[in-house]
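Remarks on the overall topology
Below are the chains, spelled out letter by letter.
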Amino acid sequence: SLVNKLLERLRKTNRQTQMIFCPTWYWGDGTEPTQQKYLEELAQELHRDVYLFWTGDGITGGITAGAAKTFKEISQHRVILWDNYPVNDNAPTMHLGPVTGRAPELGRILDGYMSNPMCKQNQINRLPLLTCADYAYNPQAYDPVRSIGQAILTFSNTPEQQSVLKDLVDAYPGFILCNGGTGYNPVLERAKKIFSEPHSRIVVLAYIKHLEDLSTRFDSAFPSQYAPEKETLRNDIRWLQEQMDLQ
């Protein structure tokens, strides 16, 4: 009722007004009983011109054509994919790898695409977001490996910058590739795995040295850019050093 009234009020000023509504159930295929009842009521009561946001089969993770088709059929509205990638929910981590796990058929079912970016690491968002744009432009031909390579080239002016961004993507490949959540930190998780092995001190020291070198190169290649991103990397290095002191 509220959404319908807002749309009606806004269209009195501008007849071209469009609205996107995020429903209470914004993930899943819509067949869970409580979810389906809610979506069926939306189908009957919500103005036909309103788009619905939908995050996929789950709040994060892979997105299938089957779930998209079923959700749209039950809700009887146009649907925009609200892709929860590379969002970190303001957690102290980065997700820099390419978007993956999105069915190529989604562009034939859904009516729009929007990504959810990371908070604080605004500038380096552009690496994974460019892969999202690449996917949305042509899902059928999307190649994540090629896409992240093109993103790195787009935001690099020198071979040094290309090398730094490539190594950052390797360090923070993203929670989709790591099967984690939005707060997943691959640097810390990799370190924890190393710590769990016997006689791991020399390996951890080598890993810290690699990250320290990356941090130095990051500062050198981009002296006036990526301040929050540099801080994220430095904080992870600091955590590793503190863990070493506790061993």
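These remarks concern the structure in this document. (Residues numbered from 1 in each chain as written. Predicted model: local features only at pLDDT ≥ 70, side-chain atom pairs only at ≥ 80, totals over all residues. Heavy atoms only, no water.)

A word on the pattern of salt bridges
What counts, and what does not: Salt bridge, as applied in this entry: a Lys or Arg side-chain nitrogen positioned within 4 Å of an Asp or Glu carboxyl oxygen. Strands are runs of DSSP state E lasting at least two residues, helices are runs of H or I lasting at least four, and both sets are numbered from the N terminus onward. Any residue under 20% of the maximum accessible area for its type is buried, any over 50% is exposed, and the rest in between are partly exposed; the area is computed with a 1.4 Å probe on protein chains only.
Following the criterion strictly, the structure yields eleven salt bridges and no others. As a salt-bridge pair, Lys-166 and Asp-170 come within 3.2 Å of each other at their nearest N and O atoms. Taken as a pair, Lys-166 and Asp-170 lie in helix α7 (residues 159–171) at a separation of four residues, close to a single helical turn. Take Lys-166: its relative accessible area is 45%, and that puts it in the partly exposed class. Across the pair Arg-234 and Asp-219 runs a salt bridge whose closest N-O atoms are separated by 4.0 Å. In this pair, Arg-234 is assigned in helix α11 (residues 227–246) and Asp-219 in helix α10 (residues 201–221), connecting sequence segments 15 residues apart. Through salt bridges that share partners, Asp-219, Lys-230, Glu-231 and Arg-234 make up one connected network.

Let's talk about the sheet that holds strand β3 (residues 79–86)
Defined as follows: Two strands are counted as paired when DSSP detects at least two bridges linking them.
The four strands are arranged β1-β2-β3-β4 in an open sheet whose pairing can be described as parallel. Two strands bound the open sheet, and with one partner strand each, they are β1 (20–21) and β4 (112–116). Across three bridges, the pairing between strand β2 (residues 51–54) and β3 is parallel. Each bridged residue has a counterpart across the sheet, and for Leu-52 the counterpart in β3 is Val-79.

A closer look at the pairing of β3
Quick reminder of the rule: Crossovers are marked right-handed if the path from the first strand over the helix to the second runs clockwise, as seen with the strands pointing away from the viewer.
Across the eight residues that make up β3, a large majority, seven, are buried. With respect to chirality, the unit in which β2 leads through helix α3 (residues 65–75) into the neighbouring parallel β3 is right-handed. Pairing of β3 with β4, which is carried by five bridges, proceeds in the parallel orientation. Paired with Leu-81 across the bridge in β4 is Tyr-113.

Looking at the nonpolar core
As a reminder of what qualifies: For this analysis, a nonpolar core means a set of buried residues of the types Ala, Val, Leu, Ile, Met, Phe, Trp, Tyr and Cys, connected via side-chain atoms within 4.5 Å.
Ranked by internal contacts, the top residues of the largest apolar core, which has 32 residues, are Leu-96, Ile-124, Leu-165, Leu-168, Val-187, Leu-233 and Leu-240. Broken down by secondary-structure element, the contributors of at least two residues to this core are α6 (144–154), α7, α9 (186–195), α10 and α11. In terms of residue count, the dominant contributor to this core is α10 (seven residues). If you look at the next biggest cluster of nonpolar residues, it comprises 28 residues, including Leu-7, Trp-54, Leu-81 and Cys-132.

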